[in-house]
Amino acid sequence: MRTFNFYAPTALDEALELLRKTDGGRPIAGGTDLVVQMKEAATKFPHPSSIISLLLIPELNGIEFDESTGLRIGATSTMSDIADSADIREHYPSIAEGAGIVGSIQTMNMATVGGNLCNGAPSADTAPPFLVHDAEFVITGPNGRRSLPADEFFVGPGETALAPNELLVEVRVPAPADRSGSAYVRHTPRKQMDIAVVGVAAAVTLTNDDRIENIRIALGAVAPTPVRATKTETFLSGQPASDESFAEAAETAAAECNPISDVRGSAEFRRHLVGTLTKRMLERAANRARGG
Amino acid sequence: MGKVNISFTINGSSHQIDVEPQWTLLEMVREQLHLTGTKEGCGTGDCGACSMIVDGRLITSCCMLAPQADGSDVTTVEGLLANGDLHPVQQAFIETGGVQCGFCTPGMIMATKALLDRTPKPTLDDIREGLAGNLCRCTGYTKIYEAVMTASGQEI
Ligand SMILES: Cc1cc2nc3c(=O)[nH]c(=O)nc-3n(C[C@H](O)[C@H](O)[C@H](O)COP(=O)(O)OP(=O)(O)OC[C@H]3O[C@@H](n4cnc5c(N)ncnc54)[C@H](O)[C@@H]3O)c2cc1C
Ligand code: FES
Ligand code: FES
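1. Quick notes on the overall build of chain B
At step 1: A tally of helices and strands in chain B yields five helices and five strands.
At step 2: Secondary structure elements of chain B, listed N to C terminal, follow the sequence β-β-α-β-β-β-α-α-α-α.
At step 3: Seen through its principal axes, chain B has C-alpha atoms that stretch 55 × 30 × 25 Å.
At step 4: Within chain B, contacts between residues at least 6 apart in sequence are counted, and of these 53% link residues at least 24 apart.

In structure tokens, the structure reads:
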């Protein structure tokens, strides 16, 4: 790795000031993407002259849940923190499932949620779960604070809506409705230590007579960014939460996605997986919504 | 580009040193502290040979920047020795033949230590999952799983 100036600010304002002053300084959290990219000199950015560690900034830390206001996950929370959080496992199971399969134990102990989202991989395993939970990403930078819905954050492979010198501060997720449930799964040849061929998350809210009141479906690794399957969502709205509607939704999802062929799988195989996994995740999310 | 002054504890002894900012924790431990028990396999987080325990958590030291170890408590495979006696996990790897060329062994042992700290009596599935980030080119893993079972006082 080429050398750089290293800073470890202990306050958010100090980090923003450093980003401004160093001009081209790169934030680092767990380093599991960035260090590897710097070693392979694969970043599309010029090699950073400064690296600014975010790990000592208390404002970026911590996970808090409140029944009425929902969930806050600080950007430097690790995948282990998230996967082990009792609140997240209970109220946002798909988020715990996404975080709980990132690499190995070692990876999960280092990898942060901010790094996973800001790295902007189409296969990022926490992205579909946040999309289906209507998460908001809180961002701060030279022009102050703003908040973006998850589906406006991902712009292209390795590209996000973050402007230069902006930082992701935290993810906020609304409190889950009654009779709601969510689930995430990815297909990989190996159970751990692999990148999603396809990832599918679903979140449903059911009425008392078991109809679909609210539905979100999100897909990973089938487009330049993680995406919502909006046609399938529209189709399912108001339908009974039955095998028939889930089977038809699976076909709709497979038809509406537009994957590419690469080393991990052909477009045709990915389409097939989207169908199969969508049906499975709808069933699992609905069962959880029913309290199962 | 200036060196970074950091303080940390490694295997129970405190250090304050200047490190190259672009060094990984692995490079610092091997090249500067001359603790060469920990190995570098892939250098990209995939093989686990470089596993260390930092503040109680198992990590791959090849993807952690050395300056980010400031203030932390690091344990490497050398730190498992107590009064000259091998750690029960080390002893179990020897007894069951969980070591062949030995290159993956320091990482396997650290991952096993971290697993048993969390789950003192792991099932075979717990072991497979706990060691999923550690690759071995020699043993075929069976003897390694037996070592973990032995170290946790369970029948193979
Ligand atoms: C062996 C291995 C296995 C992996 N397996 C998976 C997997 O299964 N699934 C998966 O999704 N990923 C996987 N990854 C990728 C990686 O671990 C994750 O994307 C991880 O969450 C990145 O987080 P980090 O804290 O390490 O990011 P870093 O490497 O520190 O940062 C990543 C990027 O985000 C930027 N950044 C970080 N934090 C912020 C912030 N708060 N604000 C603005 N920008 C920020 C950095 O500048 C950098 O560009 C794997 C990586 C390795 C090495
Ligand atoms: S050398 Fe660090 S994981 Fe392979
Ligand atoms: S003993 Fe040779 S790599 Fe495991």
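2. Quick look at the interface of chain B and chain A
At step 1: Residue-level contacts link 31 residues of chain B with 30 residues of chain A.
At step 2: Carbon and sulfur atoms supply 60% of the area buried between chain B and chain A, which totals about 2,400 Å² over both sides.
At step 3: The tally of links between chain B and chain A comes to one salt bridge.
At step 4: Notably, a salt bridge pairs Asp81 of chain A with Arg57 of chain B, separated by 2.7 Å at the nearest N-O pair.
At step 5: Where chain B meets chain A, there are eleven residue pairs in polar contact (both at pLDDT 80 or more).
At step 6: Those elements giving two or more residues to the side of chain B that touches chain A turn out to be β4 (57–60), α3 (105–118) and α4 (124–130) of chain B.
At step 7: Broken down by element, the side of chain B that touches chain A gets its largest block of residues, four residues, from β4 of chain B.
At step 8: Considering only residue class, the side of chain B that touches chain A consists of 13 nonpolar, 13 polar and five charged.

3. Quick word on the packing of helix α2 (residues 88–96) of chain B against helix α5 (residues 142–151) of chain B
Residues and elements named next belong to chain B.
At step 1: Packing of α2 against α5 brings their axes to within 8 Å, and their N-to-C directions diverge by 135°. Our classification of the angle between α2 and α5 gives oblique. The way α2 lies across α5 gives a crossing that is right-handed. From α2, Pro88, Val89, Ala92, Phe93, Glu95 and Thr96 reach across to α5, where they touch Lys143, Ile144, Glu146, Ala147, Thr150 and Ala151.
At step 2: Here the residues of the contact of α2 with α5 are counted per class, giving seven nonpolar, two polar and three charged.

4. A closer look at the domain arrangement of chain B
Residue and element names in this part refer to chain B.
At step 1: Here chain B is described as being made up of domain 1 (4–79) and domain 2 (88–151).
At step 2: For domain 1 and domain 2, the distance between their C-alpha centroids amounts to 21 Å.
At step 3: Facing the 15 residues of domain 1 at the interface are twelve residues of domain 2.
At step 4: A per-residue breakdown of the area domain 1 buries against domain 2 is headed by Ile53, Leu58 and Val77, which together make up 41% of the total.
At step 5: Between the two partners, domain 1 and domain 2, sit three residue pairs in polar contact (both at pLDDT 80 or more).

5. Overview of the sheet that holds strand β3 (residues 51–54) of chain B
All names here are of chain B.
At step 1: Across the sheet, five strands lie side by side as β2-β1-β5-β3-β4; this open sheet has mixed pairing. On the outer flanks of this sheet lie β2 (13–19) and β4, each paired with one strand and no other. For this sheet the average axis-to-axis angle between neighbouring strands, irrespective of direction, equals 40°.
At step 2: Sheet topology note: the β3/β4 ladder contains four bridges and is antiparallel. Its bridge partner lying in β4, Val54 is registered against Arg57.

6. Some points on the pattern of salt bridges
Residues and elements named next belong to chain A.
At step 1: If you walk through the whole model with that rule in mind, you get 18 salt bridges over all chains.
At step 2: Among the salt bridges present, the one from Arg228 reaches Asp151, with a minimum N-O distance of 3.1 Å. Separated by 77 residues along the polypeptide, Arg228 in strand β14 (residues 227–228) and Asp151 in the loop between β7 (144–149) and β8 (154–156) bring together distant segments of the chain.
At step 3: For Asp151, a relative accessible area of 43% gives the class partly exposed.
At step 4: A salt bridge links Arg228 to Glu233; the nearest nitrogen and oxygen atoms lie 2.8 Å apart.
At step 5: Judged by relative accessible area, which is 21%, Arg228 ranks as partly exposed.
At step 6: In this structure Glu233 comes out as buried when scored by relative accessible area, which is 6%.
At step 7: Salt bridges linked by common partners bring Glu64, Arg72, Glu170 and Arg172 together as one network.

7. Structural notes on the side chain of Arg216 of chain A
At step 1: Mapped onto the elements of the fold, Arg216 of chain A is located in strand β13 (residues 212–220).
At step 2: Given the relative accessible area of 19%, Arg216 of chain A is considered buried.

8. Section: the pairing of strand β4 (residues 63–66) of chain A
All names here are of chain A.
At step 1: Where β4 lies against strand β5 (residues 70–74), four bridges are found, and the strand directions are antiparallel. Looking at the pairing, Asp66 lines up with Gly70 of β5.
At step 2: Adjacent in sequence and paired antiparallel, β4 and β5 are bridged by three residues.

9. Considering the site of ligand 1
At step 1: Around ligand 1 lies a shell of 35 residues, among which Arg26, Pro27, Thr32, Asp33 and Thr112 of chain A are the nearest.
At step 2: With respect to ligand 1, the chains having nearby residues are chains A and B.
At step 3: Contacts to ligand 1 include Leu168 of chain A, whose backbone N or O atom sits 2.9 Å from a nitrogen atom.
At step 4: Relative to its unbound accessible area of 980 Å², ligand 1 is 93% covered by the protein chains.

10. As for the pairing of strand β6 (residues 136–141) of chain A
All names here are of chain A.
At step 1: Of all six residues that make up β6, five are buried, and the element is covered over most of its length.
At step 2: Bridge count for β6 against β7 is six bridges, and the pairing is antiparallel. Note that in β7 the partner of Glu136 across the bridge is Pro149.
At step 3: A loop of two residues connects β6 with β7, the two strands running antiparallel in sequence.
At step 4: Alignment of β6 against strand β10 (residues 167–173), held across five bridges, turns out to be antiparallel. Among the inter-strand pairings, Glu136 is bridged to a residue of β10, identified as Arg172.

Cut-offs and rules
- Residues numbered from 1 in each chain as written.
- Chains lettered and ligands numbered in written order.
- Predicted model: local features only at pLDDT ≥ 70, side-chain atom pairs only at ≥ 80, totals over all residues.
- Heavy atoms only, no water.
- Helix = DSSP H or I, 4+ residues; strand = E, 2+ residues; numbered from the N terminus.
- Contact = heavy atoms within 4.5 Å.
- Buried area = accessible area lost by both parts, 1.4 Å probe.
- Salt bridge = Lys/Arg side-chain N within 4 Å of Asp/Glu carboxyl O.
- Polar contact = N/O pair within 3.5 Å; in protein donor to acceptor, adjacent residues only side chain to side chain.
- Nonpolar A, V, L, I, M, F, W, Y, C, P; charged D, E, K, R; others polar.
- Axes fitted to C-alpha atoms, helices over the stretch in contact; angles between N-to-C directions.
- Parallel < 35°, antiparallel > 145°, perpendicular 65-115°, else oblique.
- Left-handed = near helix turned anticlockwise from the far one by under 90°.
- Domains from an automatic or database assignment.
- Pairing = 2+ DSSP bridges.
- Buried < 20%, exposed > 50% of the residue type's maximum accessible area, 1.4 Å probe, protein only.
- Near = heavy atom within 4 Å.
- Areas by Shrake-Rupley, 256 points an atom, 1.4 Å probe, with all protein chains shown as cover.

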